[in-house]
2 protein chains.
Amino acid sequence: MNYGKITEETLVIFQKIVSKENVSVDQESLEKYSYDETPHGLRHCPDVVIKPENTRQVSDILKLVNKHRIPVTFRGQGTGLANGAVPLYGGVVMSFEKMNKIAVDEDNLMAEVEAGTVLFDLRQEVEKRGLFYPADPGEKTSTMGGNVATNAGGMNCVKYGKVRDYVLGLEIVLSSGKILMLGGKTVKRSSGYELMHLIIGSEGTLAAVTKVIIKLIKLPKRFITLYIPFDEANNAVKSVSKILKKRITPTAMEFVEREVILETEKQTGKKMPHNESEAYLIIRIDGDDDTILFEEGEKIANICLENGALDVFFADSKERQHRIWDVRSLFYDGVVKNKKNIEIIDTVIPPSKIADYMRTAKKIADAHGIKIIGFGHAGDGNIHLHPIGDGLSQKEWYRKHKMVMKELYESSVALGGTISGEHGIGVSKKEYLQIGLDENQISLMREIKKIFDPNIILNPGKIFDME
Amino acid sequence: MNYGKITEETLVIFQKIVSKENVSVDQESLEKYSYDETPHGLRHCPDVVIKPENTRQVSDILKLVNKHRIPVTFRGQGTGLANGAVPLYGGVVMSFEKMNKIAVDEDNLMAEVEAGTVLFDLRQEVEKRGLFYPADPGEKTSTMGGNVATNAGGMNCVKYGKVRDYVLGLEIVLSSGKILMLGGKTVKRSSGYELMHLIIGSEGTLAAVTKVIIKLIKLPKRFITLYIPFDEANNAVKSVSKILKKRITPTAMEFVEREVILETEKQTGKKMPHNESEAYLIIRIDGDDDTILFEEGEKIANICLENGALDVFFADSKERQHRIWDVRSLFYDGVVKNKKNIEIIDTVIPPSKIADYMRTAKKIADAHGIKIIGFGHAGDGNIHLHPIGDGLSQKEWYRKHKMVMKELYESSVALGGTISGEHGIGVSKKEYLQIGLDENQISLMREIKKIFDPNIILNPGKIFDME
């Protein structure tokens, strides 16, 4: 791409727009904003990091960079796992870290949240009012803007759905600098094409998202967590399908293999209640009535015991549950950190096909002489598989993991699934997108991109190439 | 627009594609497909009515009409209320009435439903399996394709949301004839722009929808209906906000004014349990546990009684509830039929603003010397107001109702609402769209339309003009 350069003059205007302290060009800053949390991810320094404090500033910056055709990559906390926030073509990284205001609207059970708001803060703010934001991406330090960019999912999808299901309105800024409000504080709407839903999941390639209006619900009175060891991984995933088929809808149903627990315990020093079985389900249920909730818990326990569970640990105190979910939230670090040859797969398939998919994945791993370990959202068909090539040379790993990924994506699509459930395409899955999508779909997406961003300055090089 | 004409030769090819019996050109058929259920709606005959039986036929027809630039308007059961299915430019009406297969997938709690499937049939098919499709548009003879076209809403939005919230996948046919599968049987997805959500609510202007994959949930064990008379309409709508603010989420909260009930009873001979108070709430709650459900019902009853309710009728038998909801489903006919000067308003506002909006509406009516009566989805901010000009000449009514509509739309937008909640824009609200949407948004929509339908043959003249 033939992009414009940032001159001393442009820098001065940036400083005028957002103030000097919010424009960084020192090497340390540029490096800090050059990558995200993708394992062994790409690194590419921006030419400048800008931290706007309000939407007007975002607009003024975009007007300027659009005029000079300078690329701009939006960034929350950089917790993405697909190289989506890496400024491939340099230019501006626009970090939303200073835009983090939360306004809870208790009358409408909604909240207006700035893009840089961290998920953890949002949850605290609403839960202290007895409200609940049910979308539950694993990474609690991620931001609302980032969550919207990837249509993040997380643990609670089984019962409550994904981020998209809670977004009612978006304030966005187009590449031209125009500020638009899409949707708003209404729970239904049939007034023209849904541009809002087009922006959700577009990974910062169509517009800057500056504010998000979300729907909240009442905080359930009680949560219970079941921790269930199985002697075979296959029995664990089969139990998930059986639970769903019995029309039981837990809040979350997470699957994890023993090795993940052992690695996480080793890395973090924290302990699960049990770590000696091949695989585990971690199931959370919620409700307002203890009797019903415990009945539901027992039903789940019985289904699991009938399908090969070795035991069922009930955790009903806040502390015991917190301990389990705390370790759960560290699985990713446990598995990925210190591994030289590792990849993370985010395929999603119809929930009934999990056992088939896991079997196929193991076969693929065996055929290529690598290992695949898995953990994640079994209840919604989105188990994260991790191909691992211990002991392989970089060159061997590179060749093998490419083949393995391709085969895993193809298997997912063959089972009615797709290549990314919640992490997005970013750069990491760009070359595999056509496995999941028809060429005609990708070409419609390209045309849409041109409408929103004719100069191709917004997060260029992500999702698909513009040729 | 400079559209192509249908020749004898084209008709022969149509017949070859879908068989002779599925191509109608007789005057009776053309007239039958010339209008929808919009009060005093437009009428415009197509040149031919075609009833495809499968997606391949839809594709072949579209290839042909696209080549000859013949306009095509998709149609379900024609129950729309915004002139959306009227073939403004003649050409083809493609009726999906023969595509109505339902395949329930009990393993995944999903269903694959052809576009012409009638809502009533779908509900029966899933409910006999103990499953529930919670989206609940008022018109039970409407079709799945039509529901997707307008992102239909209905009664159950308070708790369960709208049609969009249950769609996981769409099979569509582009104007070029290309068949695409958008989404599928996965509950989450982050793989490129969400074309599926762009199609939902696009009123047949972007593509033909041939098949819909929907999510189902477990059928609640029990429903209870509360029928609550108020001496003032304002107290009824205020009670709705109070219920929501207490974090109670009924399945449905419908508001209705006395006059609507009287008219409906007169027109249909059916009776509500009570008809002597100024206004009523009809509230439905659901759950699996009787004790909890009755407790919730009592809480709601108490809130209403504290806010001006005169009584609370509990209906817990299926029959009594059915009787109430049966009359509820006839309100539209009761109010609209036999009225010479009437309009239907579908504004939606933040739920907390209902009382304000209702007050404003009455003021607007008084100022113009007309009447406004209302009923509908109070719980989600979507009360349908009906300006009525009894005794006005056509000319007076025309002038007045235009002003009233404009003012109602402006008031809705000023309160944070928009101009259509669930009926869509069609032709009826086209001239008001810019009250609800920024010109930049409409212009993005126009560009998107050009990508999907470069020859502007799909349902032309709807939502916005293409200039």
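Just so we're clear, the structure is a prediction, and the values are computed from it rather than from any experiment.

(A) Structural view of the overall build of chain A. A tally of helices and strands in chain A yields 16 helices and 17 strands. Each principal axis of the C-alpha distribution contributes one length, and for chain A these read about 70 × 60 × 45 Å. For chain A, the residues scored as buried account for 56% of the 467 residues in total. Across chain A, every contact between residues at least 6 apart in sequence was considered, and the portion connecting residues at least 24 apart equals 72%.

(B) Looking closely at the nonpolar core. Grouped together as the largest cluster of nonpolar side chains are 272 residues, with contacts concentrated most on Ile199 and Ile214 of chain A together with Ile199, Ile214 and Leu281 of chain B. Setting aside residues up to four positions removed in sequence, Ile199 of chain A forms contacts with Leu170, Ile172, Leu182, Leu206, Ala207 and Val209 of chain A.

(C) Region of interest: the domain arrangement of chain A. Residue and element names in this part refer to chain A. Here the domain parsing of chain A yields domain 1 (8-97), domain 2 (102-218), domain 3 (222-333) and domain 4 (339-436). Just the C-alpha atoms count here: the centres of domain 2 and domain 3 sit 28 Å apart. Facing the six residues of domain 2 at the interface are eight residues of domain 3. Split into classes, the residues belonging to the side of domain 2 that touches domain 3 amount to two nonpolar, two polar and two charged.

(D) Molecular detail of the relation of the copies chain B and chain A. Of the transformation superimposing chain B on chain A, the axial component is 0.0 Å and the angular component is 180°, with the fit at an RMSD of 0.0 Å. Here the two chains are linked by the operation of a two-fold rotation axis. Interface overlap between copies is the fraction of interface residues in one copy that are interface residues in the other; for chain B against chain A it reaches 100%, indicating a shared surface.

(E) Up close: the interface of chain B and chain A. Listed as interface residues are 69 residues of chain B and, on the opposing side, 69 residues of chain A. Put simply, the parts of the chain that give the side of chain B that touches chain A at least two residues each are helix H7 (195-199), helix H8 (233-245), helix H15 (433-436) and helix H16 (439-452) of chain B. Counting residues per element, the side of chain B that touches chain A draws most heavily on H16 of chain B, at eight residues. Grouping the constituent residues of the side of chain B that touches chain A by class yields 24 nonpolar, 28 polar and 17 charged.

(F) The sheet that holds strand S17 (residues 382-388) of chain A, seen in detail. Residues and elements named next belong to chain A. Across the sheet, which stays open at both edges, the six strands sit in the order S15-S12-S14-S13-S16-S17 with antiparallel pairing between neighbours. Of all the strands in the sheet, just strand S15 (313-315) and S17 have a single pairing partner and so form its edges. Each adjacent strand pair in this sheet contributes to an overall mean axis angle of 20°, direction not counted. Contacts between helix H9 (residues 258-268) and the sheet are confined to strand S13 (252-257), strand S14 (279-287) and strand S16 (371-377), with S13 contributing the most and set at about 80° to the helix.

(G) How the structure looks around helix H4 (residues 119-127) of chain A. Residue and element names in this part refer to chain A. By the burial criterion, the buried members of H4 are Leu119, Leu122 and Val126. Angularly, the buried residues of H4 cover 60° about the axis, an arc narrow enough to put them on a single face. Pointing more than 90 degrees away from the buried face of H4 are the exposed residues Phe120 and Gln124. Of the surrounding elements, those touching the buried residues of H4 are strand S5 (102-105), strand S6 (110-114), strand S7 (131-132) and helix H5 (144-150).

(H) How the structure looks around unusual backbone geometry. All names here are of chain B. You will see that Arg247, though not glycine, has its phi angle at about 65°, which is positive. Among the secondary structure elements, Arg247 is positioned in the loop between H8 and strand S13 (252-257). With phi around 40°, Asn459 is a residue other than glycine that occupies positive phi space. Looking at the element boundaries, Asn459 is found in the segment after H16. Its 28 C-beta neighbours within 10 Å are what place Asn459 among the buried residues.

(I) Up close: the packing of helix H8 (residues 233-245) of chain A against helix H13 (residues 354-368) of chain A. Residue and element names in this part refer to chain A. At their nearest, the axes of H8 and H13 sit 8 Å apart, and the two run at 155° to each other. Taken together, the axis directions place H8 and H13 in an arrangement best described as roughly antiparallel. Listed contacts from H13 to Ala233, Asn234, Val237, Lys238, Val240 and Ser241 of H8 are Ile354, Ala355 and Met358. By residue class, the composition of the contact of H8 with H13 is six nonpolar, two polar and one charged.

(J) Quick look at the confidence of the model for chain A. Considering every residue of chain A, the mean pLDDT works out to 96; 100% of them sit at 70 or more. Reported confidence for the predicted complex is 0.97 by ipTM and 0.97 by pTM.

Here is what the cut-offs are and how they apply
Residues numbered from 1 in each chain as written. Chains lettered and ligands numbered in written order. Predicted model: local features only at pLDDT ≥ 70, side-chain atom pairs only at ≥ 80, totals over all residues. Helix = DSSP H or I, 4+ residues; strand = E, 2+ residues; numbered from the N terminus. Buried ≥ 20, exposed ≤ 12 C-beta atoms within 10 Å, placed from the backbone. Contact = placed C-beta atoms within 7 Å. Core = buried A, V, L, I, M, F, W, Y, C linked by C-beta atoms within 7 Å. Domains from an automatic or database assignment. Nonpolar A, V, L, I, M, F, W, Y, C, P; charged D, E, K, R; others polar. Least-squares fit on C-alpha atoms with pLDDT ≥ 70 in both. Pairing = 2+ DSSP bridges. Axes fitted to C-alpha atoms, helices over the stretch in contact; angles between N-to-C directions. Arc of directions from axis to C-beta. Parallel < 35°, antiparallel > 145°, perpendicular 65-115°, else oblique. pLDDT = per-residue confidence, 0-100.

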